[in-house]
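Listed below are the residues making up each chain.
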Amino acid sequence: FPSHDTMVEKQIAVGEGSVYQCENLLLPSLPCASGHPTRRICEFLRKKFLPVSGPRCARVGKKILLGRADTKSRQVEKWEAIRKELLAKGFEEIAPSRMSLREQALAFRSADWVVGIHGAAMTNLAFCRPGTRVVEIFGWRYVNPCYRDLCSVAGLEHYGVVGRKPDEGPEVVFELHDASGEIHVEPEEVFRALEEAGLR
């Protein structure tokens, strides 16, 4: 079978009306529409990437904080104030992009709380135990419900905090565009959402 490098070199984007004859052809099997996960998918991922015997995680009760230090897009204007307060409340900041998939699965499986900015790292919510509470921060021009839907099928509690349009008060746009813009949210709004979710 060809090596990974050879496979990458031979990748071809198939256009409409194109015809190819292949010796080896790899095609993804998509179990659902993008952004609309099912309970069955969560169960599959947990079985695939979490240990089948022994302790399922090092410890439970963790509070996870997800920033976006490894990217320039979708930064929260007052993130440092939010970060400082949550670290003082026992949250642990992690960078899933620097962890193996198994490490990510175990970290999220051990979490009772997850606070994060909307982004790909939130996909790991599929590994959380039912009842985990999630606070997700959005920009006013990009409110994507995909992780809220993931929380729903995985049995998690989801709370959203939507940033404000600069200098013009609240306005939410549910069309999925301008995902890279800076997020203007007051730290108190995040803390209030955490209190409403039951954090003391």
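A. Structural detail: helix H2 (residues 39-49). By the burial criterion, the buried members of H2 are Ile-41, Cys-42 and Arg-46. The arc that holds the buried residues of H2, viewed along the axis, is 135 degrees, so those residues lie on one side. For H2, the exposed residues set more than 90 degrees away from the buried face come down to Arg-40, Phe-44, Lys-47 and Lys-48. Each element contacted by the buried residues of H2 is listed here: helix H4 (101-109) and helix H5 (146-154).

B. Highlighting a nonpolar patch on the surface. A cluster of nonpolar side chains, namely Ile-12, Val-14 and Tyr-20, defines an oily patch on the protein surface of about 330 Å² accessible area. Within the secondary structure layout, Val-14 lies in the loop between helix H1 (4-9) and H2.

C. Expanded view of the environment of His-158. With respect to the helices, strands and loops of the structure, His-158 is situated in strand E5 (residues 157-162). Assessed through its relative accessible area of 22%, His-158 is described here as partly exposed. Residues His-158 and Val-135, spaced 23 residues apart in sequence, show a C-alpha to C-alpha distance of 6.1 Å. Dropping the residues within four chain positions of it, His-158 is found in contact with Val-134, Glu-136, Phe-138, Tyr-147, Arg-148 and Cys-151.

Conventions we followed
Residues numbered from 1 in each chain as written. Predicted model: local features only at pLDDT ≥ 70, side-chain atom pairs only at ≥ 80, totals over all residues. Heavy atoms only, no water. Buried < 20%, exposed > 50% of the residue type's maximum accessible area, 1.4 Å probe, protein only. Helix = DSSP H or I, 4+ residues; strand = E, 2+ residues; numbered from the N terminus. Arc of directions from axis to C-beta. Contact = heavy atoms within 4.5 Å. Patch = residues over 30% accessible without salt bridge, like charges linked within 9 Å, V, L, I, M, F, W, Y side chains within 5 Å. Areas by Shrake-Rupley, 256 points an atom, 1.4 Å probe, with all protein chains shown as cover. Salt bridge = Lys/Arg side-chain N within 4 Å of Asp/Glu carboxyl O.

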